[in-house]
Every structure is written in structure tokens, then in C-alpha cells.
Amino acid sequence: MKQIIKRVMYMESVFDEVQNALAEGVDIEDALLQEKIEILIQYYESEQWKIDYSADERGELPVDLKRGVLSEDGVYNLLNDIDSLKKKGWENDELYKRK
């Protein structure tokens, strides 16, 4: 169980880093940002995500564990937003920029 908790904490930090980078206006094509996005994609599409998600659904993870990365829509919506930003062009899109 410790391994699952550790993994969820790490993936949650990657998830937050990507969201924060987009909010701060980091170029969507930035190499480091792309690396983080790829980590999220690989996790979200993996069997491991399903195992972690199931553990959460069974109530096996601590109640106070931040787990947005395990929401069914969280990563999916973020990845769709990123795809939209790439298609529209980052400079013209206000989706993640905060005022």
C-alpha cells in the first residue's frame, strides 16, 4: 500500500506542476512541460492507474491524501485542454492564464 501512496503522491505533484505551468503561461511546447505531460499520459493510460484508482474506490488510501490525479476526469480534461491549446495556439488562448 505504501508503494501506491508514494506513486499517487508523485503523480499528483506532476499533475499539479502541469496545471501550474499552464496557469503561469509556460509555452505548451516547452520540453520540460512536454516531459511532464508524457509522464501523465503514460500513467493515465496504464494498468497501474486502474489499480491505484481501484484502491482508492475501496477506501484503501488515506482520507487526507491529495488524489486529483485519480479522478476519472481530472487528467483526461487536462490532456484535452492541452490538446486544445496546441490546436488553437497558446498565445491566443486564455484557458489557463489567470488574471
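All residue numbers refer to position in the chain's written sequence, counted from 1. In view of the model being predicted, local features appear only for residues whose pLDDT reaches at least 70, and side-chain atom pairs are presented and counted only at 80 or more, with totals across whole chains, interfaces and linings using the full set of residues. Excluding hydrogens and water, the side-chain values take into account all heavy atoms of the structure.

## Details of the packing of aromatic side chains
Heads up, the rule is: Aromatic pairing here means that ring centres of Phe, Tyr or Trp (its six-membered ring) are within 6.5 Å. Orientation follows from the plane angle: under 30 degrees is stacked, over 60 is edge-to-face, and everything else is tilted. Under the scheme used here, helices are H or I runs from DSSP no shorter than 4 residues and strands are E runs no shorter than 2 residues, and both carry numbers assigned from the N terminus. For every residue, the accessible area (1.4 Å probe, protein chains only) is compared with the maximum for its type, and the residue is labelled buried under 20%, exposed over 50%, or partly exposed between those bounds.
Taken as a whole and judged by the stated rule, the model has two aromatic pairs. Seen in terms of ring centroids, Tyr44 and Trp49 are 5.3 Å apart; in terms of plane orientation they differ by 70°. Their pairing is edge-to-face. Note on Trp49 and Tyr53: the rings are 5.0 Å apart at their centroids and 15° apart in plane angle, and the pair reads as stacked. Residue Trp49 and its partner Tyr53 are located together in helix α3 (residues 47–57), separated by four residues, close to a single helical turn. With a relative accessible area of 18%, Tyr53 lands in the buried category.

## A word on the packing of helix α1 (residues 2–23) against helix α2 (residues 31–44)
Two quantities define a packed helix pair, namely the angle between the helix axes and the distance between the axes. Keep this limit in mind: Fitting a line to C-alpha atoms yields each axis, with helices limited to the stretch in contact; the angle taken between N-to-C directions then spans 0 to 180 degrees. By the definition adopted for this analysis, an angle is roughly parallel if under 35 degrees, roughly antiparallel if over 145, roughly perpendicular if from 65 to 115, and oblique otherwise. Note: crossing handedness is left-handed where the near helix turns anticlockwise from the far helix by less than a right angle, and right-handed where it turns clockwise. Here, residues are in contact when the closest pair of their heavy atoms is within 4.5 Å.
Viewed as axis vectors pointing N to C, α1 and α2 meet at an angle of 135°, and their least axial separation amounts to 10 Å. Regarding the angle of α1 to α2, the classification is oblique. Considering how the two elements wind past one another, α1 and α2 form a crossing that is left-handed. On α2, the residues touching Arg7, Val8, Tyr10, Met11, Val14, Phe15, Glu17, Val18, Ala21 and Leu22 of α1 are Leu33, Lys36, Ile37, Ile39, Leu40 and Tyr43.

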